[in-house]
Amino acid sequence: MPVHKRTVVVGNAHTLKSPVGIVRILAAIFACVTFSLVAHSRAWYGRIGDLCMFSWCFCFVVTIIILIVEFAGVQSRMPVSWKNFPITFAMFAVLMCLSASIIYPLNFIEDKSYAGDRRTYEIVATVFSCLTTLAYIIEVSLTRAQPGEITGYMATVPGLLKVIESYIACVIFVFISEPPLYEGHDALKWCLSVYCICFIISVLVIIMCVGECTSWLPCAFEKFVSGYALIAVLFYASALIIWPIFQFDSKHGGNPRRPSNCRNFSGPYTLCVFDKAVAIAVLTAVNLLVYIGDLVHSARLIFITVL
């Protein structure tokens, strides 16, 4: 009877010892410590607390999956482009953990006069959340495309900007969720349409790159993203003009002054409708700058490709 030798699968240990692997391990450890401290002290509640916990847990789980896949060396068997997926996730993780590092202490760290263990846990959790953000920033800097390097689109500057564009749009949707902000005039509904259209296209571009579906486009991918960036700049420029006019100009039904009842909200960092309108105007301007940078870099990619 023949003896069958059992095949032992040896992992790619060098992937864990590389600078990127070490940074990913640190990011996973920091994220785990963060949500463990918050869960142990039960120092989270409500939608904001759930959002912070989801950010830390999601980043931890996906980072562990990436480490396991690269250690096992099965990247080619994954249903996604491994040139695009890890850095796309890392960029999203930077934004998610950065947001959690800002909104968590603002909403959950108690008064300084309170010296209980819970406040200590909250402060330490905030520190580790910042360390998690820093680890993901380092990962993005290590894995992004260098000049002259052939890699996935999401590792380039326009690809990373697509992630930022879509994330800022998500934050805008959080602020614009109340109908009174956009139901007052058709022009405000146009602004909402701008945010939705640009968000959907940015997400579709990310999905096509991660899923390696760019060949489905009827034109060259570089021309598509450049044309989209140009349209998005024009759309956001119109929204940047229209939104403040119809929100803050009394001639068009807006409110130029912050109402006194904005100060009567329950939480110190709870925003009233006027504050949300201001936040949307600021985020619109920020996203417009991001789209302008995207347009410049996308046009440069086309120029290099043509040459």
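Residues numbered from 1 in each chain as written. Predicted model: local features only at pLDDT ≥ 70, side-chain atom pairs only at ≥ 80, totals over all residues. Heavy atoms only, no water.

- Going by an unreviewed UniProt entry, the chain carries the name MARVEL domain-containing protein and comes from Engystomops pustulosus.
- Looking at the chain in UniProt, the text filed under Subcellular location (unreviewed entry) is "Membrane".
- Heading Sequence similarities (unreviewed entry) of the UniProt record for the chain holds this comment: "Belongs to the MAL family." (UniProt positions renumbered as here; feature names shortened; annotations may be inferred.)

### Description of the overall build of the chain
Then, number 1: Summing up its helical and strand segments, the chain has nine helices and zero strands in all.
Then, number 2: Reading the chain from its N terminus to its C terminus gives the helix and strand order α-α-α-α-α-α-α-α-α.
Then, number 3: When burial is assessed residue by residue, the chain has 41% of its 307 residues classed as buried.
Then, number 4: Nonlocal contacts in the chain, meaning residues at least 24 apart in sequence, comprise 76% of its contacts between residues at least 6 apart.
Then, number 5: Carbon together with sulfur atoms contributes 68% to the accessible area of the chain, which is approximately 17000 Å² in total. (Helix = DSSP H or I, 4+ residues; strand = E, 2+ residues; numbered from the N terminus. Buried < 20%, exposed > 50% of the residue type's maximum accessible area, 1.4 Å probe, protein only. Contact = heavy atoms within 4.5 Å. Areas by Shrake-Rupley, 256 points an atom, 1.4 Å probe, with all protein chains shown as cover.)

### A short note on the state of the cysteines
Then, number 1: All told, the structure shown has zero disulfides when counted by the stated rule.
Then, number 2: Sulfur of Cys196: no disulfide; nearest cysteine sulfur belongs to Cys198 and is 9.6 Å away. (Disulfide = S-S within 2.5 Å.)

### Considering the UniProt feature "transmembrane region" (unreviewed entry) in the chain
Then, number 1: The UniProt entry lists residues 20-39, 51-73, 85-109, 121-138, 150-175, 187-208, 228-248 and 269-292 under the feature "transmembrane region" (unreviewed entry), expressed in the numbering used here.
Then, number 2: With 96% helix and 0% strand, residues 51-73 has its two end C-alpha atoms placed 33 Å apart.
Then, number 3: Segment residues 187-208 splits into 100% helix and 0% strand. End C-alpha atoms: 32 Å apart.

### Looking at the nonpolar core
Then, number 1: Residues Trp56 and Tyr136 are the most contacted members of the largest nonpolar core, which totals 47 residues.
Then, number 2: The set of elements that each furnish at least two residues to this core consists of helix 2 (19-41), helix 3 (46-72), helix 4 (85-108), helix 5 (117-143), helix 6 (157-175), helix 7 (186-210) and helix 8 (221-248).
Then, number 3: Per element, the largest residue contribution to this core is 12 residues, and it comes from helix 4.
Then, number 4: Apart from the residues within four sequence positions on either side, Trp56 is in contact with Ala31, Thr34, Phe35, Val38, Cys97, Ala100, Tyr104 and Ser129. (Core = buried A, V, L, I, M, F, W, Y, C linked by side-chain atoms within 4.5 Å.)

### Thoughts on the environment of Ser55
Then, number 1: In this structure, Ser55 sits in helix 3.
Then, number 2: Separated by 43 residues in the primary sequence, Ser55 and Leu98 place their C-alpha atoms 9.6 Å from one another.
Then, number 3: Sequence-distant contacts of Ser55, that is, excluding residues within four places in its chain, are made with Met96 and Ala100.
Then, number 4: A polar side-chain atom of Ser55 sits 2.9 Å from the main-chain carbonyl oxygen of Leu51. (Polar contact = N/O pair within 3.5 Å; in protein donor to acceptor, adjacent residues only side chain to side chain.)

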